[in-house]
Amino acid sequence: MLLSERFKSSFKVALALVLAYWVTLSMDWDKAMWASYAVVLISLETAGQSIEKGLMRMLGTLLAAVVSLTLIALFPQDRWWLMMALSPYVGLCTYLMGGTKRQYMWYVAGFVSVVICLESVPATDNAFDIAILRTLETGLGILSYTLVTLLVWPTSTGEVLDKTLRQVAASQHALFRAYVDLLAGRNETADLQPVRMQQTQQLQQLGQVLTGARTDTYEVWEMRRQWERYQGQAEQVMEALERWRESFEEVRPLDLESLMPDYRTLIGELDNRFEQIEQILAGQPPGEAPTPLQLGLDRNQVRVLSHFERAALALFLAQLRSLESLTRAMLGTLAQIKGFASPGPLPAPPAQSPRPTLLRIPDTDRLGSAVQMMATLWLAYLVWLYVEIPGGVGSVIIAGAWGMGFAMQPQVPMRLLFKPLALAVACSAVAYIFLMPRLSSFVGLGTLIFLVTFAFGYLFHEPRQNLARIAGILGFTTMAGISNEQTYSFLSLADTALMMLLGVGFIALGRLVPFSLQPHKAYLRLVRRFLRSCEYLSAKLLRDPGQPLDWLARARDAFHLSELSTLPAKITRWADAIPPESLGGTKPEHLQALTTNILALSYRMRETVEARTEFPPITESELVVGGDLQREIDTWRSALQRVFQRLSLDPDAGDVAGFRSGLNTKLQALEDRIEQTLNRTDQVRLSAERETGAYRLLGAHRGLSEAVIAFATTAGTVDWPRLREERF
């Protein structure tokens, strides 16, 4: 009989949990539930992912043990100083787990330190025993699930990796072909948003699967550097495709095949490269190695274009060349990985903006999560000290452990905990009162643990139900309090249930500091932040790129560029989390259209900043009337800054007609000035490269204007007053 994956995964978790309890009780270790926590929390789809997560949990536990014992040694009799030292450390772990590949390690390092430190208060003489016991039982839980997942229906991450890679390649190929059809005027009504979202999700899954495959697949580990390079190139290709699509609107009226004689050849070559990538992933050898393609222009055809049309063409050409370079590099990397090409230097992809460092560019949202976590800990700690609450210090520990878990996914509503916790309380009450007192051996107890764990795993098997599955199983093991010297008390059961409820309440209150995490409020806050970054960068366009900057100005520039890159994805996640009752007259497709415009605005602004950096202001040595032209450019940039300033104060304040009229008027004046300047051929001393750069800069300016107008138009369809309303 063929068993489903749903059955297999539930069976493996239940079996590993029983094994962990059997060893723990046989060794007469206290706190047997700690081993069960490790089993449940590292159980993932494949063996490699589970082993990798188990390794991160073990490293985090060891780090937490060292830090906790150090803090206890420094403040053995002063609980205030202990908490004042512990809470910043937990806040630091909360911040770090949001931006590194070792997110789970920092999560464990944070909440386990809370467990060890607070379990040792007020008597600190048992702190070392608690730290050692926590480490041993964590290792036991990891070992139990690792043995089960390797011996019972093992699933290699390599198989999942191959499947994910083929999905990513197929999505990118399909998106490229759809964009080619869109540019040619075919399938203009096709909704490509689901394909783009699917590609984003697949790339996120690729990163997770690749991490696991390095652990359980030797071939992946051996070529891990190349795989990391390929993953980065796939992400860059996704962005290059989107930037290329954003340039379609301005060039659609042009005859591209006449302007670019090799256009069809390049499109065919790009399509062939995407097809070769799919063939290599299917195990077939590729064709000839890709060679760099030069996409030239027919100068005679280009001369008859207006300057704005030349600018749009220059921008379109720059994006197409970037896509050509990236696909060539990605195909070469994949050929090396699969053994179809000898290792060696690969063509370098286009230069990317430097990634901001941790110390220079703090992430505002991660800082907010760290502050919320510290506020949650202090709230729970003060209530525990001054109010006699059920469960005692346990509610503080739950607030720390579950609070850090929610900090990793702030969009997840806490109400998702209620159903699995209520079910866990009910199952635990029945088992604790009616079944466990009748059990006389581990055979009966193990059967009970297996059945309850299997039931939770089977009922909540979907990936989106992972939180419910974990909360249900851990709620049961916590409330059951299984140990060798088992005592039964209804008051103990009720205290544990109230302890978990209080811990959730502390987290809910802590999430209001320093700002609310209600989806509609978070969405509004992020949209305003995005527009403020656009306002700052539009002011940056007025500065001379050659002007020396101090470290603070460079840090601010990098911060706002980072905001521009990261906020669209965050805005999208919060938009999906907004409940229907908060939307009022806004339809979900309106928010989806607005987030699409925000992403387009991000691409356009970054393109303008890059073009501005690559093409400094025109100097008098190049153009006699260059000063007049530069003043027209600066006038347009000043108008754009005022537009962003108004939108950042109120996204609904956009006067679309006024924006369009004002920006288009200034763009027309700019085009006229360029016309006058370039027509004075006796005074023009621009090189061909500088002329192309000037047109690219002009195209970026016009594209940015259109993106601002499109955003303001779509923003008018959103019920902003409804989103601003207070809700409880």
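Residues numbered from 1 in each chain as written. Predicted model: local features only at pLDDT ≥ 70, side-chain atom pairs only at ≥ 80, totals over all residues. Heavy atoms only, no water.

Caption draft 1: Representation of the overall build of the protein chain. Within the protein chain, the regular secondary structure consists of 28 helices and 0 strands. When burial is assessed residue by residue, the protein chain has 51% of its 728 residues classed as buried. Surface accessibility of the protein chain: about 32,800 Å² in total, with carbon and sulfur atoms responsible for 58%. (Helix = DSSP H or I, 4+ residues; strand = E, 2+ residues; numbered from the N terminus. Buried < 20%, exposed > 50% of the residue type's maximum accessible area, 1.4 Å probe, protein only. Areas by Shrake-Rupley, 256 points an atom, 1.4 Å probe, with all protein chains shown as cover.)

Caption draft 2: Examining the environment of Phe506 more closely. Relative to the elements of secondary structure, Phe506 occurs in helix H21 (residues 490-510). Counting along the chain gives 111 residues from Phe506 to Ser395, while the straight-line C-alpha distance between them is 8.4 Å. With residues near it in sequence (within four places) discarded, Phe506 still touches Thr376, Leu379, Ala380, Val383, Ser395 and Ala399. (Contact = heavy atoms within 4.5 Å.)

Caption draft 3: Structural detail: the packing of aromatic side chains. Under the criterion given, the structure shown has 25 aromatic pairs. Plain terms: the ring middles of Tyr104 and Tyr107 are 5.8 Å apart, the flat faces sit at 40 degrees to each other, and that makes the pair tilted. Here the residue Tyr104 and the residue Tyr107 both occupy positions in helix H5 (residues 103-119), the gap between them amounting to 3 residues, near one helical turn. Among the aromatic residues, ring-to-ring pairing joins Phe176, Tyr179, Trp244, Phe248, Tyr263, Phe274 and Phe316 into one connected group. (Phe/Tyr/Trp six-rings, centres within 6.5 Å; stacked < 30°, edge-to-face > 60°.)

Caption draft 4: Up close: the packing of helix H18 (residues 418-435) against H21. For the pair H18 and H21, interaxial distance at closest approach is 11 Å and the crossing angle is 170 degrees. When the axis of H18 is compared with that of H21, the two are roughly antiparallel. On H21, the residues touching Phe418, Leu421, Val425, Ser428, Ala429, Tyr432 and Ile433 of H18 are Phe490, Ser492, Leu493, Ala497, Met500 and Val504. Classifying every residue of the contact of H18 with H21 by side-chain character gives 11 nonpolar, 2 polar and no charged. (Axes fitted to C-alpha atoms, helices over the stretch in contact; angles between N-to-C directions. Parallel < 35°, antiparallel > 145°, perpendicular 65-115°, else oblique. Nonpolar A, V, L, I, M, F, W, Y, C, P; charged D, E, K, R; others polar.)

Caption draft 5: Focus on unusual backbone geometry. Note that the residue after Val513, namely Pro514, is joined by a cis bond; omega there is -5 degrees. Considering the arrangement of structural elements, one finds Pro514 in the loop between H21 and helix H22 (519-540). The phi dihedral of Asp28 is positive, around 60 degrees, even though this residue is not glycine. By the element assignment, Asp28 lies in the loop between helix H1 (5-26) and helix H2 (33-42). Residue classification places Asp28 among the exposed residues on the basis of a relative accessible area of 57%.

Caption draft 6: Summary view of a nonpolar patch on the surface. A surface patch of nonpolar side chains, amounting to about 500 Å² of accessible area, comprises Val430, Ile433, Phe434, Leu435 and Phe490. Broken down by element, the residue count for the nonpolar patch peaks at 4 residues, all from H18. (Patch = residues over 30% accessible without salt bridge, like charges linked within 9 Å, V, L, I, M, F, W, Y side chains within 5 Å. Salt bridge = Lys/Arg side-chain N within 4 Å of Asp/Glu carboxyl O.)

Caption draft 7: Highlighting the packing of H1 against H2. Packing of H1 against H2 leaves a shortest axis separation of 9 Å and a crossing angle of 155 degrees. One way to sum up the angle between H1 and H2 is to call them roughly antiparallel. Crossing hand, H1 versus H2: right-handed. On H2, the residues that touch Val13, Ala16, Leu17, Ala20, Tyr21 and Thr24 of H1 are Met33, Ala35, Ser36, Val39 and Val40. (Left-handed = near helix turned anticlockwise from the far one by under 90°.)

Caption draft 8: Focus on empty space enclosed by the protein. Per the counting criterion, the structure on display carries 4 cavities of 30 Å³ or more. For the second largest cavity, the calculated volume is near 90 Å³. If you trace the second largest cavity, you find it lined by Ser369, Gln372, Met373, Thr376, Gly403, Phe406, Ala407, Pro410, Ile507, Gly510, Arg511 and Leu517. For the lining of the second largest cavity, the secondary-structure elements that each account for two or more residues are helix H16 (364-386), helix H17 (394-408) and H21. Residues that form the lining of the second largest cavity fall into these classes: 6 nonpolar, 5 polar and 1 charged. (1 Å grid on protein atoms, 1.4 Å probe; cavity = no way out; pocket = protein on both sides within 12 Å on 5 of 7 lines; lining within 4 Å. Points joined across faces, edges and corners; volume = space filled by probe spheres on them.)

Caption draft 9: Main features of the pattern of salt bridges. Here the structure, examined in full by the defined rule, presents 26 salt bridges. A salt bridge links Arg243 to Glu239, with the shortest nitrogen-to-oxygen separation between them at 3.4 Å. Highlighted residues: Arg243 and Glu239, both in helix H10 (residues 224-246), separated by 4 residues, approximately one helical turn. In this structure Arg243 comes out as buried when scored by relative accessible area, which is 11%. A salt bridge links Asp365 to Lys570, with the shortest nitrogen-to-oxygen separation between them at 2.8 Å. Placement of the pair is Asp365 in helix H16 and Lys570 in helix H23 (residues 551-577), with a sequence separation of 205 residues. By relative accessible area, which is 16% here, Asp365 ends up buried. Look at Lys570 and you get buried, because its relative accessible area is 12%. Because the salt bridges share partners, they merge into one network encompassing Glu239, Arg243, Arg606, Glu607 and Glu610.

Caption draft 10: Expanded view of the side chain of Ser43. As for its position among the elements, Ser43 is in the loop between H2 and helix H3 (47-74). A polar side-chain atom of Ser43 sits 3.4 Å from a polar atom in the side chain of Arg469. Sequence-distant contacts of Ser43, defined by excluding residues within four places in its chain, comprise Val13, Ser50, Tyr145 and Arg469. (Polar contact = N/O pair within 3.5 Å; in protein donor to acceptor, adjacent residues only side chain to side chain.)

Caption draft 11: Focus on the environment of Arg57. Locating Arg57 in the fold gives a position in helix H3. In contact with Arg57, not counting residues within four places along its chain, are Tyr37, Ala38, Leu41, Ile42, Tyr104, Val108, Phe111, Arg134, Thr138 and Ile142.

Caption draft 12: Main features of the environment of Glu462. When you line up the elements, Glu462 lands in the loop between helix H19 (442-459) and helix H20 (466-480). Judged by relative accessible area, Glu462 falls into the partly exposed class, the value being 33%. Between the alpha carbons of Glu462 and Arg6 there is a distance of 8.6 Å; along the sequence they are 456 residues apart.

Caption draft 13: Seen up close, the nonpolar core. Leu86, Val90, Phe111, Trp402, Met404 and Ile482 are the most contacted members of the largest nonpolar core, which totals 99 residues. When residues in this core are grouped by element, the largest group, 13 residues, is from H5. Once residues within four sequence positions are removed from consideration, Met404 is found in contact with Val90, Cys93, Thr94, Met97, Trp106, Tyr107, Gly110, Phe111 and Met373. One finds Met223, Trp227, Phe248 and Ile277 within the second-largest nonpolar core, a separate group that totals 55 residues. (Core = buried A, V, L, I, M, F, W, Y, C linked by side-chain atoms within 4.5 Å.)

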